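For reference, the chains in residue letters:
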Amino acid sequence: MTDSEVSAGQTPPRRVDIVPHTHWDREWYLPYQSFRLKLVDLLDGLLPQLEADPSYAHFLLDGQMAVVEDYLQVRPQAEERLRALAATGRVAMGPWYALPDEFLVSGETLVRNLQRGRRVAARFGGAMDVGYLPDMFGHVAQMPQILRLFGYEHAVVWRGVPSAIDRSGFHWSAPDGSTVRAEYLPQGYGNGALVPDDAKALVRRISEFEEEQGELLTGPILWMNGTDHLMPQPWLGRVVAEANALDAGYELHICSLAEHVQGAPTDGLPSWTGELRSGARANLLMGVGSNRVDIKQAAAIAERSLERQAEPLSALFLPADHWPEALLDEAWLEVIRNSAHDSICACSADEVCAAVVHRFAEATQIAEGLTERALAALGATVAVDGRVPVLVNTSSRTRGGVVEMRFPGATVPDGCQLVSERPAQRVLMDATAVEVATIMVSELEYARSITAFSIDAADGTEVIHVERETAGTLVTPLVRSDLAALRTSRPGELMRIRVANRPAVTVLGHVADVPGFGWQAWTGGTTPDSVTVDELRLTNGTLSVEVNPADGTFSIDGLAGFGRLVDGGDIGDTYNWCPPLAETLVDAPLTVTTKVIEAGPVRGRLEVLRTYALPTQVEDQARVGSHTVEVRTTLELHAGDDLVRVHVELDNHGVRDHRLRVHLPLPQRATGSVAECAFATVSRGLVAEGGPTEQGLATYPSRRFVSAGGLTVAHEGLLEYELIDLDDDVTSAGTLALTLLRCTGMLSQGPMATRALPAGPLTPLEAPQSQHRVEARFALHIGGRNPYAVVDDAFLPLLVTRGGGSAATGAAQGQALSVTGAEVSAVTREAGAVQVRVFNPSAEPTTVTIDGRHGWLLDLRGRPVAAFEGHFALGPWQIATATLDDRRGP
Ligand SMILES: [Zn+2]
């Protein structure tokens, strides 16, 4: 027998790639600072271990640079050591800055997260070349395209993989056809979490895993040696050497994830196109979309303020060298930190969620401040009187709408609707001379609109009259002493204070056709049909809304039943909804009253006040108690508008363990829904795939809108919807249920009907019960207009600045940038040049026209791909980034 005959008769040892790592949720059931202390311990131990023990060949720093920056903040002296370890391939860093949730944040947030991670990793020689997605609660359809645009050919995924995938590797495609090889982690990122200090035991575990997974495992076995916040096992290198010496049919390698995926087989793998949202093999945890709605609303506002206002306005209306890079960077850092899966999902300790809310607030404050400054800069160039409002459109589409403006004087301009007025003369108050003296000194000086005041005695004689000085002072030292004298001479006597103001009116006006990324000075209102309102009806010539006084629901153009509130019990947790066994649904109000809030002609508002008797909590699988809750629903119609704006407000004090949804009837029965997700819309059916540990629920997320059966629902942070009212054979749905509130009291429950295993620690929490005032905003559109235009009309209002006066030379109307043919996701500046990111959310190819501009198309790493001149082609579902040169259009 020859040697070759021997080897032909034996099975070669199977390769096992051991990737040591830790999964580091920056904040979760403990706050950031508590986990950070442990992170410092981990890296303090790991760095000398790696330096001293070459057999501990590699460590993966969880694919996110936050762990590195968080550590270096307290151990800055370690930067050089980390750089040296990275240079020799002993540690892998990035590519993410924080491991995000993909469904609950915007596409831009995902892109900025990866860009930031790569930028920080560049300091250490570069990021890991793998799209590592270990713990995300499902994956968006466009992720393969995003990864490919960053130059990645590999993804690593766990949750969301459907039962149809029967191998540990598959070809995963975005709707545009971009494909990555996805490594599927059949037992998650912790299948090899704790390596025992015993070679035989290690081999036994690997063999058990191999046997359990069987045919599913293709190619070398991936042994992910780490899990949530797990410390490294220092004996790893020695035990692996001992295991190899056993000659037990395995060839163990400690290696990087990149090395594993590059050696993994690509032939004969199954394929999948689109999003991964199955609970077949791992919990998807789909209830996070409706947990802590306040956090999702804050995310929607922060992302919109940054992406759709602060950035485009600063890029287009400030000189290139005034681009507020550092401030925007700080705002984005807050948003990116919040995009971490446990942060935006709010399946976290109450202190964590408080920090998340604060970060979103700070990001929004920066964005709003920058928006104001860029608007002022634009206004200063417009050659119209400084009292004339200048309307600004931050979307790419030419569009009109209703704007709130302030005019000097007491006259309401033609066609406008008065909101409030500041009269020229008014009685401020009646008070004694002592009080008058105090008030004058402390208050009036700072009310800049007050030009004069008088103090009259009870008999009407004027005692003091003061005009504001040209220099601005009203209460001069002289006036102060007059007031002091009055206080002493007539202390108890009643006086009347009258003030004079520059009169002004705040009004609503309708404007037509402000250019996209452009401005237009107010030249008087356009006059679409007026809005008329009575106690039960709003109409504007386009739409008619009528309230049913019996239950407070409303009809739109005769289609009845909108706005039915349905409240049920929830004994689930921050991750999953779970109704009590003895469910009580409350859907009928005790009382209904309506009131006209605004009567038109530009904006009409009708308030529907309903009271409900809601159970107070769940005990022993049943809803118990009763608490009367007042729900205020405001229906709003604008002149010239084709959507109904709805605002719901209630005080949730005293009602716990429940889910409140609003039911919206569909004009036609629907076989599925089309919802916005990152850089695309996604079509979904009526059911969802579940698995042995999680019931499949068709409660899906939409980012800003969802359409079904002829209805489009645009919303601000109300991410969870479900198509209900299904027919018997589950082929069509008649109603869309939008979740307004989901309140539970546990971070994770133990076993429950909708999920067999806990998803985190069984920690009681108070904040997810949302014991406070709750507001929700959404808008309804029937008629099939582009939902991206609908959501902008509903939630991205035209902004108002003021003209620059006689010194200004700019045109009264203009456009800084014209982009047509695709949705615009971002307008920013990079190295001085304006950058525009667009995407084509359709199955048809398109031509993107950027009027009068030329430049380069870039990938998401910023590498040039092709030059363009005025326009370029964009295939179905494609994303493109263009950098523009300085040459302005005509
Ligand atoms: Zn995690």
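The model shown is predicted, which means the values in this text are computed figures rather than measured ones.

Description of the overall build of the protein chain
When helices and strands are counted, the protein chain shows 16 helices and 48 strands. Principal axes of the C-alpha set define a box for the protein chain whose edges measure 125 × 60 × 60 Å. Taken over 890 residues, the protein chain has a buried fraction of 59%. Pairs at least 24 apart in sequence give 75% of the contacts found in the protein chain among residues at least 6 apart. Approximately 33600 Å² of the protein chain is accessible, and the part contributed by carbon and sulfur atoms is 52%. A gap of 4 Å separates the mean positions of the 74 positive and 112 negative side-chain charges of the protein chain.

Quick notes on the coordination of the zinc ion
The protein atoms that coordinate the zinc ion are His23 (NE2), Asp25 (OD), Asp135 (OD) and His341 (NE2), at distances spanning 2.1 Å. One way to put it: the 4 donor atoms around the zinc ion meet at angles of 85 to 172°, and that makes the site irregular. Summarised as a motif, the one-chain spacing of the donors to the zinc ion is H-x1-D-x109-D-x205-H. One end of the pair, aspartate 135, is in the loop between β4 (131-133) and α6 (143-149); the other, histidine 341, is in helix α12 (residues 341-344), with 206 residues separating them in the sequence. Here aspartate 135 and histidine 341 have matching classes, each one buried.

What about the sheet that holds strand β20 (residues 532-534)?
The antiparallel open sheet is built from 5 strands, whose spatial order is β20-β21-β22-β23-β24. With partners counted over all chains shown, the strands left at the sheet margins are β20 and β24 (559-562), one partner each. Recorded for the sheet is a direction-independent mean angle of 15° between the axes of neighbouring strands. As paired elements, β20 and strand β21 (residues 537-539) share 3 bridges and run antiparallel to each other. In the strand pairing of β21, threonine 532 is matched with threonine 539.

A few points about the packing of helix α11 (residues 325-338) against helix α13 (residues 350-381)
When two helices pack together, you describe them by how their axes are tilted relative to each other and by the distance separating the axes. Between α11 and α13, whose axes approach to 9 Å, the crossing angle comes to 150°. Judged by the inter-axis angle, α11 sits roughly antiparallel to α13. Between α11 and α13 lies a crossing of left-handed hand. Of α13, the residues touching α11 (which contributes Leu327, Leu328, Glu330, Ala331, Glu334, Val335, Arg337 and Asn338) are Val356, Arg359, Phe360, Glu362, Ala363, Ile366 and Leu370. In terms of residue class, the contact of α11 with α13 is made up of 9 nonpolar, 1 polar and 5 charged.

Some remarks on the nonpolar core
Within the largest apolar cluster, 178 residues are counted, with the highest numbers of intra-cluster contacts made by Trp172, Leu257 and Val838. Per-element accounting of this core gives the leading share, 11 residues, to α13. In this structure, Val533, Val586, Ala708 and Leu723 belong to the second largest nonpolar core, which totals 53 residues.

Topic: the packing of aromatic side chains
For the structure on display, the rule yields 15 aromatic pairs. Within the aromatic cluster, the residues linked to one another by ring pairs are Trp24, Trp28, Tyr29 and Phe35. In this arrangement the basic side chain of arginine 277 is found over the ring face of phenylalanine 103, its NZ or CZ atom lying 4.5 Å from the centre. The aromatic ring of tryptophan 577 is capped on one face by arginine 659, whose charged end is 4.0 Å from the ring centroid.

Considerations on unusual backbone geometry
For the bond from glycine 94 to proline 95, the omega torsion is 15°, close enough to zero to count as cis. Mapped onto the secondary structure, proline 95 falls in the loop between β3 (91-92) and α5 (107-122). In the segment running from glycine 600 into proline 601, the intervening peptide bond is cis, with an omega of 5°. Here proline 601 lies in the loop between β26 (591-599) and β27 (603-614). Although it is not a glycine, alanine 346 sits at a positive phi angle of roughly 60°. You can see alanine 346 is positioned in the loop between α12 and α13. At aspartate 513, a residue that is not glycine, the phi angle is positive and equals roughly 55°.

Things to note about the environment of proline 144
Here proline 144 is to be found in helix α6. Through-space distance from the C-alpha of proline 144 to that of threonine 179 is 5.7 Å; in sequence the pair is 35 residues apart. Not counting residues up to four positions away in its chain, the partners in contact with proline 144 are Trp172, Ser173, Ala174, Ser178 and Val180.

As for helix α4 (residues 79-87)
Within the sequence span of α4, burial applies to Glu79, Leu82, Leu85 and Ala86. Angular distribution of buried residues about the axis of α4 spans 125°; they occupy a single face of the element. Elements that come into contact with the buried residues of α4 comprise α2 (32-52), α3 (66-74) and β3. In the segment just after α4, glycine 89 is the residue with positive phi, at about 75°.

Let's talk about the sheet that holds strand β13 (residues 417-422)
Reading across the sheet, the 3 strands line up as β12-β18-β13 and stay open at both edges, with antiparallel pairing between neighbours. For this open sheet the edge positions go to β12 (399-408) and β13, each flanked by a neighbour on one side alone. Recorded for the sheet is a direction-independent mean angle of 30° between the axes of neighbouring strands. With 5 bridges joining them, β13 and strand β18 (residues 504-514) adopt antiparallel strand pairing. Within the sheet, the bridge partner assigned to serine 420 lies in β18 and is threonine 506.

Section: the pairing of strand β36 (residues 705-708)
What you see with β36 is no split at all: Phe705 and Ser707 on one side and Val706 and Ala708 on the other are buried throughout. In this sheet, β36 lies alongside strand β33 (residues 673-677) in antiparallel orientation, the contact comprising 2 bridges. Counterpart to valine 674 in the pairing with β36 is serine 707. Looking at chain direction, β36 and strand β37 (residues 711-715) are connected through 4 bridges and run antiparallel. Paired with serine 707 across the strands is threonine 712, a residue of β37. Turn length for the β36-β37 hairpin, with the two strands adjacent in sequence and antiparallel, is 2 residues, and the turn residue glycine 709 shows positive phi of about 55°.

Considering the pattern of salt bridges
Tallying each qualifying case throughout the model produces 58 salt bridges. In this structure, arginine 123 and glutamate 79 form a salt bridge, with 3.3 Å as the shortest nitrogen-oxygen distance. One end of the pair, arginine 123, is in the loop between α5 and β4; the other, glutamate 79, is in helix α4, and 44 residues separate them in sequence. Glutamate 598 serves as the salt-bridge partner of arginine 605, at 3.1 Å between the closest nitrogen and oxygen. What makes glutamate 598 buried here is its relative accessible area of 11%. Through salt bridges with shared partners, a single ionic network connects Glu303, Arg308, Glu676, Arg703, Arg704 and Asp792.

Side note on the side chain of glutamate 722
Among the secondary structure elements, glutamate 722 is positioned in strand β38 (residues 720-726). The class for glutamate 722 is buried, based on a relative accessible area of 16%. Setting aside anything within four residues of it in sequence, one finds glutamate 722 in contact with Arg661, Ala698, Thr699, Thr735, Leu736 and Ala737.

Describing the packing of helix α7 (residues 199-213) against helix α8 (residues 236-245)
Contact geometry of α7 with α8 gives a least axis separation of 8 Å together with a crossing angle of 75°. Between α7 and α8, the angle falls in the class roughly perpendicular. Here Ala199, Leu202 and Val203 of α7 lie close against α8, whose contacting residues are Val239, Val240, Glu242 and Ala243. Its residues placed into classes, the contact of α7 with α8 shows 6 nonpolar, no polar and 1 charged.

Remarks on the environment of threonine 731
Structurally, threonine 731 is set in the loop between β38 and β39 (733-743). Between the C-alpha atom of threonine 731 and that of alanine 299, which follows or precedes it by 432 residues, the distance is 34 Å. If we ignore the near neighbours within four places in the chain, the residues touching threonine 731 are Ala670, Thr671 and Leu686. A distance of 3.0 Å separates polar atoms of two side chains, one belonging to threonine 731 and the other to aspartate 729.

Rules and cut-offs
- For every chain, the first residue of the written sequence is number 1, and numbering continues from 1 onward in sequence order.
- Per-residue local features of the predicted model are confined to residues with pLDDT of at least 70, and side-chain atom pairs are confined, for both listing and counting, to 80 or more; whole-chain, interface and lining totals are unaffected and use all residues.
- With hydrogens and water excluded, all non-hydrogen atoms of the structure serve as input to the side-chain values.
- Segments assigned H or I by DSSP are reported as helices when at least four residues long, segments assigned E as strands when at least two residues long, and all are numbered from the N terminus.
- Only protein chains enter the calculation, and the probe is 1.4 Å; a residue is then buried if its accessible area is under 20% of its type maximum, exposed if over 50%, and partly exposed in between.
- Pairs of residues are marked as contacts when any of their non-hydrogen atoms sit within 4.5 Å.
- Accessible surface is estimated by sampling points in the Shrake-Rupley manner with a 1.4 Å probe; for residues, cover comes only from the protein chains shown.
- Only four residue types enter the charge count: Lys and Arg as positive, Asp and Glu as negative, with His and the chain ends excluded.
- Every charge is mapped to an atom, namely NZ of Lys, CZ of Arg, CG of Asp or CD of Glu.
- The donor set comprises N, O and S atoms within 2.8 Å of the metal, extended to 3.2 Å for Na, K and Ca; water molecules are omitted, so apparent gaps in a site may simply reflect that omission.
- For four-coordinate sites, all angles between 85 and 135 degrees define a tetrahedron; for four- and six-coordinate sites, opposite donors beyond 155 degrees with the remaining angles between 65 and 115 define square planar and octahedral shapes respectively, and all other cases count as irregular.
- Here, any two strands with at least 2 DSSP bridges between them count as paired.
- A fitted line through C-alpha atoms represents every axis, and for helices the fit uses only the stretch in contact; the resulting angles, taken between N-to-C directions, go from 0 to 180 degrees.
- Orientation is classified from the angle alone, with under 35 degrees giving roughly parallel, over 145 giving roughly antiparallel, 65 to 115 giving roughly perpendicular, and any other angle giving oblique.
- Handedness of a crossing follows from how the near helix is turned relative to the far one, being left-handed for an anticlockwise turn of less than a right angle and right-handed for a clockwise one.
- Polar here means any residue outside two lists: the nonpolar Ala, Val, Leu, Ile, Met, Phe, Trp, Tyr, Cys and Pro, and the charged Asp, Glu, Lys and Arg; Gly therefore counts as polar.
- As used in this record, nonpolar core signifies buried Ala, Val, Leu, Ile, Met, Phe, Trp, Tyr and Cys residues forming a set joined through side-chain atoms within 4.5 Å.
- Here a Phe, Tyr or Trp ring, Trp counted by its six-membered ring, pairs with any other such ring whose centre lies within 6.5 Å, and the pair is stacked when the planes are under 30 degrees apart, edge-to-face when over 60, and tilted otherwise.
- In our convention, an over-ring charge means Lys NZ or Arg CZ found within 6 Å of a ring centre and within 35 degrees of that ring's normal.
- What the arc describes is the spread of directions from the helix axis to the C-beta atoms.
- Each reported salt bridge corresponds to a side-chain nitrogen of Lys or Arg within 4 Å of a carboxyl oxygen of Asp or Glu.
- Polar contact is the term for a pair of N or O atoms within 3.5 Å; when the atoms are in protein, one must be able to donate a hydrogen and the other to accept it, and sequence-neighboring residues count only if both atoms are side-chain atoms.

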